[in-house]
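# Examination of the molecular architecture
Now for the letters of each chain:
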Amino acid sequence: MRRQLMGEFDFIARHFRPLAGRGAMELRNDGATMSLPEGGELVLSSDTMVEGLHFLPDDPPYTVAQKLLRCNLSDLAAMGSRPQHYMLNVSVPSGRHYNEDWFTRFAAGLAADQKQYDISLLGGDTTGSPSPLMLNVTILGSVRQGEALRRDGAQPGDGVWVTGSLGRAALGLQVRLGKLNGGKTSLVEAYRVPTPRIGLSLYGIVSAAMDISDGLLQDCGHIAEESGVGITLFEEELPFAPEVMAHMETHREMILLGGDDYELLMTCPVTQEAALQAHCKEHDVPLTKVGTVREGRGVAMLDKQRRPINFSRTGWQHF
Ligand SMILES: [Mg+2]
């Protein structure tokens, strides 16, 4: 940890030392250690959140912390990994509202999710910033050797499946920006606090997996490209909550392209569908088949009359 903030050591001691786990050595050394389960290999992923891009300056610090951890947890879920620890980097602009009180509440959000997901802080860095508040987490977990889920295994004939429901976070952001009349606060909650689908064991069941962060269509494009296949999605099969359906007429494209869902997107051979459904049911995770993998390239979404939908854009921009 470099000394770039006045009182950095006190700041770390107050806010982050209580979060330090086994191997962190109370954040008193140059680094940390991490042990892996026998036969396991390390899985790592990193996500940065920038004020004004991924969260709003007046979002509650407690939920900013939760979203930061949960975006990263969702990436590990997509890899089929059990999370263990994380590293945290914060770059704090001076003269703003990111003060002791803000970080006390931010650390409380981290603490709550550490408990919920059984993870702990291993280390990181704190600096000043001439620009917005920047938050970065590197999440560390493990899988059994060679059992990480990947994006490149989808085969023609496989089904395309998603967990949970879609579109709530995308609408929640619009509510926050004052661009959606009559949007429910539960949509804002979905935008601020996603539900990472960790804890499933899908190795050997699904043929490809990733999490939905940029929107169903764009993220299906990643699986299609990595697997060398095409994907067809069916609009009428997509899982939307009533609070999302209420805005379908006015915000259809935004809902269909979505973003920030942090649900799992998977392809699954027909022979494994029953196993996938049983496993998700056992873990109380809603699951919906939304499309099929085909020969070819690219992603098409068909409307209720099975005509391809033409979108004015392909993916999700956070703002
Ligand atoms: Mg991801």
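Before reading further, recall that the structure is shown in the block above.
Throughout what follows, the structure given in this document is the object of discussion. (Residues numbered from 1 in each chain as written. Predicted model: local features only at pLDDT ≥ 70, side-chain atom pairs only at ≥ 80, totals over all residues. Heavy atoms only, no water.)

## What to know about the sheet that holds strand S3 (residues 120–129)
Pairing in this open sheet of four strands is mixed, and the strands run S1-S4-S2-S3 from one edge to the other. Pairing within the sheet leaves two strands with one partner each, and these edge strands are strand S1 (40–50) and S3. Each neighbouring strand pair of the sheet contributes to a mean axis angle of 15°, computed without reference to strand direction. For S1 and strand S4 (residues 134–144), the ladder comprises 11 bridges, and the chain directions are antiparallel. Looking at the pairing, Asp47 lines up with Val137 of S4. The sheet strands contacting helix H3 (residues 100–117) are strand S2 (82–93), S3 and S4, and the helix crosses S2 at an angle near 170°. (Pairing = 2+ DSSP bridges. Helix = DSSP H or I, 4+ residues; strand = E, 2+ residues; numbered from the N terminus. Axes fitted to C-alpha atoms, helices over the stretch in contact; angles between N-to-C directions. Contact = heavy atoms within 4.5 Å.)

## Here's the deal with a nonpolar patch on the surface
Together, Leu36, Leu42 and Leu44 give the surface a local cluster of nonpolar side chains, amounting to about 260 Å² of exposed area. Tracing the chain through its elements places Leu36 in the loop between helix H1 (8–15) and S1. We classify Leu36 as partly exposed; its relative accessible area is 37%. (Patch = residues over 30% accessible without salt bridge, like charges linked within 9 Å, V, L, I, M, F, W, Y side chains within 5 Å. Areas by Shrake-Rupley, 256 points an atom, 1.4 Å probe, with all protein chains shown as cover. Salt bridge = Lys/Arg side-chain N within 4 Å of Asp/Glu carboxyl O. Buried < 20%, exposed > 50% of the residue type's maximum accessible area, 1.4 Å probe, protein only.)

## Considerations on the packing of aromatic side chains
Taken as a whole, this structure holds six aromatic pairs when the rule is applied. Relative to Phe106, the ring of Trp102 lies with its centre 5.3 Å away and its plane at 20°, an arrangement referred to as stacked. With Trp102 and Phe106 both in helix H3 and four residues apart, the pair spans about one turn of that helix. For Phe106, a relative accessible area of 0% gives the class buried. Between Phe103 and Phe106, the aromatic rings sit 5.7 Å apart at their centres with planes inclined by 80°, giving edge-to-face as the arrangement. Placement of the pair is Phe103 and Phe106 together in helix H3, with a separation of three residues, close to one helical turn. Of the two residues, Phe103 and Phe106, neither departs from the other in class, the shared state being buried. Each residue in the set Phe11, Phe16, Tyr98, Trp102, Phe103 and Phe106 is aromatic and connected to the rest through ring pairs, giving one cluster. (Phe/Tyr/Trp six-rings, centres within 6.5 Å; stacked < 30°, edge-to-face > 60°.)

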